[in-house]
Structures are given as structure tokens and as C-alpha cells.
Amino acid sequence: MPAFASLSLLVALAGCATSPDPRDGGFVSGVVGLSGGYQRRIDERRETLSAEQAAQRRLAVERQEVELERDAVRAELQRAEQKLAAQQRRIAAERARILALKQQSAAERARLAELKRAETRAGDAKRKLRAADVARDPLPSLQAKSRSIEQELREIDGMVTAVGGV
């Protein structure tokens, strides 16, 4: 009889649904959980944590790279601003020189008109430069603006050089 009772108890316990998660309840689930379920859950969570930490490190590196690129664009825009200021000084000096000659020949009037065009373009370039928001504009947009401003500065420089003969 005791063998039959043991066998019946064993069959009854084997028929019970078990879960590897001991929180799901039941004696059998608790025993299963104690025999490795906890360790498996701990290992899974450690793996998840490790993957999240690695992703966080990758994102931090990417953020640093973007900040370095922004700093480079910021430096380019500052150099462009300095070039623009120098060209505006050259334009003012040429204007003063031409106006001081008092001889307003047709050629000098044309040179003066060209200087005015250069001055207008310099003002446009200055507005573009001021509109570039290094902190907020997307990096590709900033890089495109920087290239555009550099091209415009080269053209203004050519105009001033042609007028001044320098």
C-alpha cells in the first residue's frame, strides 16, 4: 500500500503544471525554481544589462564624434567670419582709395560699382554666417553652409582683387 501511495503521489505531482519561474506559485514550481530557475533568470538579466551597457557606451562614443564634428564646423565658421571681416576692411579701404582720387572716370565708376557689388555680397555672406546655428542645425546642413560661405568668400576676394589690382 505505501508503494501505491507513493506512486499515486508521484503521478499526481508529475501531472501538475510547473513553471521555471518560482513566482508563478505552487510547491513544485518553487522546487523547480530553487533547482536552477533563479540562477537562469539572474544570468538572463546580467546578459541584458551587459548588452544595454555596451549600447550605452556605443552611443556615448557616437555622441563624442558628433560633438567633435560640430566643433570642427564651428571653427570653420569662425575662420570664415574672420575672413569676411578682413574682406570688409579691404572693401572699405578700396572704397576710400577710389573716392579719394576725385577723378571719377568711367573705369573708376565701374570699379566703384564692382566694389558695391562685392560689399553687397559680403553683407549677404555675413547674414548667412550669422544664420548658421552650430548648436541646433543638423551637422550636414552646417557643413553645406560652411562650404557655401567659403565659396562666396573666394568669389568676393576675386572681385576685390580685380578692382584693387592687388
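Just so it is clear, the model here is predicted, and its values are computed rather than measured. (Residues numbered from 1 in each chain as written. Predicted model: local features only at pLDDT ≥ 70, side-chain atom pairs only at ≥ 80, totals over all residues. Heavy atoms only, no water.)

Novice: Any chance you could explain the overall build of the chain here in plain terms?
Specialist: Along the chain, the regular secondary structure elements total four helices and zero strands. Each helix and strand of the chain, placed in order from N terminus to C terminus, yields the pattern α-α-α-α. Of all 166 residues assigned to the chain, the portion counted as buried reaches 24%. Counting only contacts in the chain whose residues sit at least 6 apart along the sequence, the fraction spanning at least 24 positions is 63%. Element-wise, carbon and sulfur atoms account for 59% of the exposed surface of the chain, whose accessible area totals about 11,400 Å². (Helix = DSSP H or I, 4+ residues; strand = E, 2+ residues; numbered from the N terminus. Buried < 20%, exposed > 50% of the residue type's maximum accessible area, 1.4 Å probe, protein only. Contact = heavy atoms within 4.5 Å. Areas by Shrake-Rupley, 256 points an atom, 1.4 Å probe, with all protein chains shown as cover.)

Novice: Help me understand the confidence of the model for the chain in this model?
Specialist: Low pLDDT means the predicted coordinates in that region are not meant to be read closely. Confidence along the chain averages 80 in pLDDT terms, with 75% of residues attaining 70 or more. Taking the mean pLDDT of every element in the chain, the minimum, 54, falls on helix α1 (residues 2-15) and the maximum, 87, on helix α4 (residues 139-164). (pLDDT = per-residue confidence, 0-100.)

Novice: What's the story with helix α3 (residues 106-131) in this structure? I'm lost.
Specialist: Three- or four-residue spacings in an α-helix give side chains the same orientation, since the helix completes a turn every 3.6 residues. Taking 1.5 Å of rise per residue, the 26 residues of α3 would be expected to cover 38 Å, and the 37 Å separating its terminal C-alpha atoms lies within 8% of that figure. Within α3, the full set of buried residues consists of Glu108, Leu112, Leu115, Ala118, Ala122, Gly123, Ala125 and Leu129. (Expected span 1.5 Å × (residues − 1).)

Novice: Got a minute to help me understand the pattern of salt bridges in this structure?
Specialist: If the charged atoms of two oppositely charged side chains come close together, the side chains can form a pair. Following the criterion strictly, the structure yields 14 salt bridges and no others. A salt bridge links arginine 95 to glutamate 119, with the nearest nitrogen and oxygen atoms 2.4 Å apart. Within this pair, whereas arginine 95 is found in helix α2 (residues 27-100), its partner glutamate 119 is found in helix α3, the two being separated by 24 residues in sequence. The residue aspartate 133 makes a salt bridge to arginine 136 at a minimum N-O spacing of 3.4 Å. Here aspartate 133 falls in the partly exposed class, since its relative accessible area comes to 25%. Overall, arginine 136 belongs to the exposed group, its relative accessible area being 71%. Within this structure, Arg121, Lys128, Glu152 and Glu155 form a network of salt bridges that share partners. (Salt bridge = Lys/Arg side-chain N within 4 Å of Asp/Glu carboxyl O.)

Novice: Help me understand α4, please; the structure alone is not making it clear to me.
Specialist: Taking 1.5 Å as the rise per residue, α4 with 26 residues should run 38 Å; its terminal C-alpha atoms sit 37 Å apart, in good agreement. Within the span of α4, buried status applies to Leu139, Leu142, Ser146, Ile149, Glu150, Glu152, Leu153, Ile156, Met159, Val160, Val163 and Gly164.

Novice: It is not clear to me how the packing of α3 against α4 should be interpreted in this structure. Could you clarify?
Specialist: Between two packed helices, what matters for the description is the angle formed by their axes and the separation of those axes. At a minimum axis separation of 9 Å, α3 and α4 run at an interaxial angle of 160°. Judged by the inter-axis angle, α3 sits roughly antiparallel to α4. In this structure, α3 crosses over α4, and the sense of that crossing is left-handed. In this structure, α3 contributes Arg111, Glu114, Leu115, Arg117, Ala118, Arg121, Ala122, Asp124, Ala125, Lys128, Leu129 and Ala131 to the contact, and α4 contributes Lys145, Ser148, Ile149, Glu152, Glu155, Ile156, Met159, Val160, Val163 and Gly164. (Axes fitted to C-alpha atoms, helices over the stretch in contact; angles between N-to-C directions. Parallel < 35°, antiparallel > 145°, perpendicular 65-115°, else oblique. Left-handed = near helix turned anticlockwise from the far one by under 90°.)

Novice: For this particular structure, what's the right way to read the nonpolar core?
Specialist: One recurring pattern in soluble globular proteins: nonpolar side chains tend to sit buried together. Residues Leu77, Ile91 and Ile156 are the most contacted members of the largest nonpolar core, which totals 21 residues. Contributions of two or more residues to this core are made by α2, α3 and α4. By residue number, the principal contributor to this core is α4, which donates eight residues. Beyond its immediate stretch of four places on either side in the chain, leucine 77 contacts Leu129, Ala132, Val134, Leu142, Ser146 and Ile149. (Core = buried A, V, L, I, M, F, W, Y, C linked by side-chain atoms within 4.5 Å.)

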